[in-house]
Amino acid sequence: MAEFVQLLVSGLATGAIYALAAMGFTLLWQTSQTINFAQGEFVMLPAFIMLSAIKLFGLPLYAAFGVSLLVSALLLGFGFKRLLVDPMIRHGVLPLVIATIALGIFLKEGVKLVYGAEALPFPEALPQGIWRFASVSVTVNDIGVLLLVFAMVLALQGFLSRTTTGRAMQAVAQNPDTARILGIDVPRMITYTFLVNAALVSVAALLITPVYLAKFDNGESIGLIAFIAAIVGGFNQIRGALVGGLLIGVIDNLSGAYISAAYREAFPLLLLIAVILFRPQGLLGRAEERRV
Amino acid sequence: MTALLQVEGLARSFGAIKAVDGVSFEVGAGEVVGLIGPNGSGKSTLFNCILGQIGPSAGQVTFEGQQITRRSPLALNRLGIGRTFQMLQVFPRLSVRDNLIVAGQEHEGRLFGRLLAPPDAGLGAAADEMLEQFRLSHVAHQAAGDCSFGQQKLLDIAMAFMTGPRLVLLDEPAGGVNPNMLGDLHALLRRLNADRRTTFVVIEHNMEFVMRLCDRVLVLAQGRILAEGTPEQVRANPAVIEAYLGD
Amino acid sequence: MQIRKMLALAALAVFGLTNSAGAADAVKIANVIELSGGGATVGTNWRDAVELAAKQINEKGGILGRQIEVTHYDTQSNPGISKAQVTKALDGEPYVILGPIYSSSTKVNMVEAQRAGVPQIVGSEAAEITKKGNPTLFRTSFGQDASMPKIANYIRDGVKAKSVAVIWVNNAFGKGGRDTVVKELEARGIKVAVDISTEVQQVDFAAEVAQAKNSGADLLFPYLHEEESARLLRELKKQGFDKPIVGETTITNAKVIQLAGDAANGVRAHVGLSPDAPSPLIKKMVQDFEAAYGRKPDHNGLKGYIAVHMVKAVTEKMGKFDQQNFAKTLHGMTITTKDEPGVLMDVTFDDKGDPDRESFLVEVVDGKEKITTVLPPLGR
Amino acid sequence: MTRWLLPAAVLAVLIALPHGLKSYGIYLLSLWAVYAMAAMGLNLTLGYAGQVSLAQAAFLGIGAYVSALLTVNGVSFWLALPLAGLVCFAVGILLGFPALRVQHHYLAFVTLGFNALVFLVLRNEEWLTGGTYGVEGIPRPSLLGLPTQSPIGFYYLSLGFLVVLSFALYALLRSPWGRAFAALRENPTRAESLGVDIRAYTLLAFAIGSGVGGLAGAFYAPLVEFIDPTPFDLGTSLALLLMVVVGGSGYFAGPFLGAALVMLLPEWLRFSESLYLLLYALLVMVLMATCPSGLLGLWAQARERLSRRRPPPPVLETRT
């Protein structure tokens, strides 16, 4: 029982970080039909930006995080949209998918070139320690991650539903044509979602890199899990991505411990396939009107 | 005269909106029937319900006395029902001639038989004749996507005839066609009707075109049949005028 | 003939296959090693040490008066590519092939070198490699067959553990080690409390640690690559794992200690070769390496350094560059540090190509590897 | 007849080339032939029938394991080869079923998941596949009593089969099936209304493409003479996808060109070892932004611009 609770909590914590990447993924899809196969690399890159800021300017971690927010917004938000998505989106979904696969390789190899192929240590973002309740022990770090992510999700939800800009972004996500008729500056709202994504991946990087260590190919696993989480939860729902991320984190931990460690990676995939086949809109998603 | 196509009480709603609300009508063999109505009156939904593209919530459709409600588009094609879509639907990267051949090749025979059939599936002559009839011979080997809009429109209709259907449902055949070509199109459809005894149901916005082409016209408004009769009768019906003006 | 020449030119244009002739009298050594992919850390250490050794030997006049010319080939840590690279290396007609380290790669490409009759000196440790009857293959360090019994003895006699949790990486290296150590542990009446497979480049070890913690094992035996080892150690610390951690070689690697930080303290291991070994020769080598590359080598660095000096020792014993007799000479040969200081420790090769020498038990104290015991050679 | 000139010339070069190469060059050429086969299968599924698949490496793997396990146990390669194709054909039908329900990115993810699952099975089911230990000592076949132990012998065998396979696929694409695949790709709804059984053709597109991947795998195993699961992971599927797309998906020669580029680029860019992937990725991005139909599409565009009046030839054309 103690083990179960422990696995649950640590699964939730990792899942919460995946959820951040998945939410960004979902936002991009909603507003601009961008399936970002480089999302994993988008989480990898800010970690190196932070490391550079720490090393070059001797900044403390949180100041470096601020730098990485700015740089990510510029490169992964604005630059990504203007240089890759805008010129390509008219060709349809598939070329953009392939271009983002290539972008992923590009970022990975670029980071490898600059920082080398070896992993680098990364400072802890949250306080460490262990809390024990009877036989159950949970780490302070896990609880901190969970609290932080939930706060972020609430803030994001609040922003999207309470502010004018946020509501405009949602309108664009639901129906760009109607949004345009309503006088919403659609391209600007799309740019905003790319900026929000850049912020989300920066936070994800801050939280996950102490565990993953900073390495150029970290994106491979994060990216895949972010897709799975986004699709399982519901491709058109922010809440869906959150639930998807948490679910995948927990399933990954529990199946590894209780079913089969060798097939651990298979369970999220099986869930993914089952969801796509039997509930393509995702667990929390609304059915999209398609066909014809 | 037995009806070729019978529609009884067909209905389909999307959420609270009743797009098609209990429509019944019959089409006799050899008839050319027009289906008109203001935007959003449910014409295309009605077509899609008849043709198995979307399932109706109630009602039934009979073709030559056979129940065809909720049959797949594929099955309907095999029975001898052809159609065109509101938006242009050709295969842009295939040549014009291949568009016609692919439209005809699947109608008969077995799947594996077709693998071993000659490349033109034995339809070369039929396709060439169709090209001739639709005056598309000169663009036969061009990619369909590179043809003019009018040529694609003709191709779109010609494709529906490649299987030798007994009933063809045309969704806005005149939409976007330039006025000079409308006469040709009219003559063509009339000739097909006369030569092949093909029955037509035509959705059309171009009133003049529809009134000239059709033997009988159905008027749809808010998912129901508002009026029915010869073009003259419909034109004179005050309810129809009301429906269009009130739109 | 004319056509052949033209084709060769065409091939040159298409493939860019320029075989730089180099100095006519230089000895060509091909180094096929992991320079990118998962094995980049270990491969880079090996490569740099090979460079260092070649440079030092060349400065002192080379081998039998001939300079060494090393060409590096990157296996990308991928077995298929390693085979292509060995083929490519063989096209250059090298005297000896060095590397690779990853066992899964060695298994694929050793056939090529064997077929060409070119001696190959590898850094791999998987047990099966020297069991395939390849007459021209040599290891630089203990195979798992040699190291795991030492570990098992230490677990039984040194730590006196009754049950062990084993966490291993599911590839040729990890599976080989796991199979060997489980066999050895069971032969000594030690229970394997929990047996956990993990993925190459796995990042999250929360589930594994929780399982190990709750298995009731009184010792953890991890057998993973460097980065995964570091991640595991950090997670162990995070979850407050308080049982002894005893591993084999990798776990106390400098890179692991750097990445794991505090979490590495207290970890113990059996190490075949250690840069911290109490030997003036090794200290000297480590200093030279640090002077050249600005960082400390790990055991893979030592392996690469030794490999080049093995070539020197054998060739000098033969008195000429005799590729055919290279393997025959090295089998059963003992190289002492008196004859060849570059092998760093006295070593004897058996008829399968496995080395035997002293080894060490180490413990990480304050972020440094400390030798606690020197174990004698197996002498089998 | 002029359209056969270029392929014939290319073939002549491919036959002559190994005489100017050492064994590494020949090994690369053989590897190219194998990847070209696999990419050709994917091109059928993706380029001609419009079904996204990120699982081609799985079929390369299944084919390789079927052929390896059979030949290691004494079965003739010439029996193992068709069996590898058939097994993959059958599994391909299974993979096709999701495509009947979902399309585009969803399909991409299902197939991607499938590939990862196949990898896990190959690695974990040690009793069957040898797990991480892999299968070794895979014998090379002999043809009409001629052994293919030498690199050049095996290269000619692979090249010969590649040519045979190309003819077979070319004939398939010119048959009514090829036209139906194109119709499925261009507009499935319209195709169905014209009587094209899109369910059957979708399944066939997956099955044939996968079967061809399996045949490629059957050659991969004896070429490398050792297989383990690593070369059949997701990364290889993505690489195969890039080969098809960069070469020009939906162009018959696309996979040949794409595979050649992937094999040769690292050699061309040897001065910049680690840069080659970077440059390759850049090339793909630029290509996707300017001409998503790949290098051959770019070539067709350029030709059109030069001649101005002639539109690019349709993908499939039946001349009688």
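Here is a short report on the structure shown in this document. (Residues numbered from 1 in each chain as written. Chains lettered and ligands numbered in written order. Predicted model: local features only at pLDDT ≥ 70, side-chain atom pairs only at ≥ 80, totals over all residues. Heavy atoms only, no water.)

**Considerations on the overall build of chain A**
Heads up, the rule is: By the criteria applied, helices consist of DSSP H or I runs no shorter than four residues and strands consist of E runs no shorter than two, each listed in order from the N terminus. Both definitions apply: the radius of gyration is a C-alpha atom measure, and the globule rule equals 2.2 Å times residues to the power 0.38. With a 1.4 Å probe rolled over the protein chains alone, any residue whose accessible area is under 20% of its type maximum counts as buried; one over 50% counts as exposed, and the rest are partly exposed. A contact between two residues is defined here by any heavy atoms of the two lying within 4.5 Å. Here Asp and Glu are counted as negative and Lys and Arg as positive; His is not counted, and neither are the chain ends. One atom stands in for each charge, and that atom is NZ of Lys, CZ of Arg, CG of Asp or CD of Glu.
Regarding its fold elements, chain A presents eleven helices and two strands. For chain A, the sequential pattern of α-helices and β-strands runs α-α-α-α-β-β-α-α-α-α-α-α-α. Taking 19 Å as the expected radius of gyration for a compact globule of 292 residues, we find that chain A reaches 19 Å, a close match to that expectation. Along the first, second and third principal axes, the C-alpha atoms of chain A reach 60 × 50 × 35 Å. Buried positions account for 61% of the 292 residues belonging to chain A. Considering only intrachain contacts with a sequence separation of at least 6, the fraction spanning at least 24 residues in chain A is 72%. Across chain A, the 18 positively charged side chains and the 15 negatively charged ones have centroids separated by 8 Å.

**Quick word on the side chain of Arg140 of chain D**
All names here are of chain D. How we decide: Just to be clear on terms, a salt bridge is a Lys or Arg side-chain nitrogen sitting within 4 Å of an Asp or Glu carboxyl oxygen. Think of a polar contact as two N or O atoms within 3.5 Å of one another; within protein, one of them needs to be a possible hydrogen donor and the other a possible acceptor, and neighboring residues in sequence only count if both atoms come from side chains.
Considering the arrangement of structural elements, one finds Arg140 in the loop between strand E1 (135-136) and strand E2 (142-143). For Arg140, which is buried and forms no salt bridge, the nearest opposite charge comes from Glu225, at a distance of 4.1 Å. Within the structure, the side chain of Arg140 is placed 3.1 Å from the backbone oxygen of Gln149, a separation counted as a polar contact. Among residues more than four places away in sequence, those in contact with Arg140 are Thr148, Gln149, Ser150, Pro151, Phe154, Pro222, Leu223 and Glu225.

**Side note on the packing of aromatic side chains**
Quick note on the threshold: When two rings of Phe, Tyr or Trp (its six-membered ring) have centres within 6.5 Å they constitute a pair, described as stacked for plane angles under 30 degrees, edge-to-face for angles over 60, and tilted for the intermediate range.
Tallied over the entire structure, the rule returns 31 aromatic pairs over all chains. Consider the rings of Phe138 of chain C and Phe349 of chain C, whose centres lie 6.1 Å apart with planes at 85°: the pair is edge-to-face. In this pair, Phe138 of chain C sits in strand E5 (residues 137-139) while Phe349 of chain C sits in strand E12 (residues 347-349), placing the two residues 211 residues apart along the sequence. For the residue pair Phe138 of chain C and Phe349 of chain C, the accessibility class agrees, reading buried in each case. Ring centres of Tyr155 of chain D and Tyr156 of chain D lie 5.5 Å apart, and the angle between their planes is 45°; on these two criteria the pair is classed as tilted.

**Here's the deal with the environment of Gly61 of chain D**
Mapped onto the elements, Gly61 of chain D comes out in helix H3 (residues 56-72). With 196 residues separating them in the primary sequence, Gly61 of chain D and Leu257 of chain D have C-alpha atoms 22 Å apart.

**Quick look at the arrangement of the chains**
Taking contact number as the criterion, the leading pair out of five pairs of chains in contact is chains B and D. When C-alpha atoms are compared, chain B and chain C, though not in contact, are closest at a spacing of 34 Å.

**Observations concerning the interface of chain B and chain D**
When the parts come together, some accessible area is lost, and that loss is often what is quoted as the size of the interface. The test is simple: Note: buried area is the sum, over both parts, of the accessible area (probe 1.4 Å) each one loses when the two are combined.
Contact residues are listed per partner, giving 40 residues for chain B and 34 residues for chain D. Interface area, chain B with chain D, both sides summed: about 3,200 Å², of which 58% is carbon and sulfur. Of all residues in chain B, the largest losses of buried area upon contact with chain D belong to Phe91, Arg93 and Pro119 of chain B, amounting jointly to 22% of the total for that side. Linking chain B to chain D there are two salt bridges.

**A closer look at unusual backbone geometry**
That bond from Gly99 of chain C to Pro100 of chain C is cis: its omega, 0°, falls within 30 degrees of zero. Despite not being glycine, Gln33 of chain A shows a phi value in the positive range, around 55°. Relative to the helices and strands, Gln33 of chain A is located in the loop between helix H1 (2-32) and helix H2 (39-57). Unlike most non-glycine residues, Glu64 of chain B shows phi in positive territory, near 50°. By secondary structure assignment, the location of Glu64 of chain B is in the loop between strand E4 (58-63) and strand E5 (66-67). The exposure class of Glu64 of chain B is partly exposed, given its relative accessible area of 41%.

What is shown is where atoms sit, not what they do.
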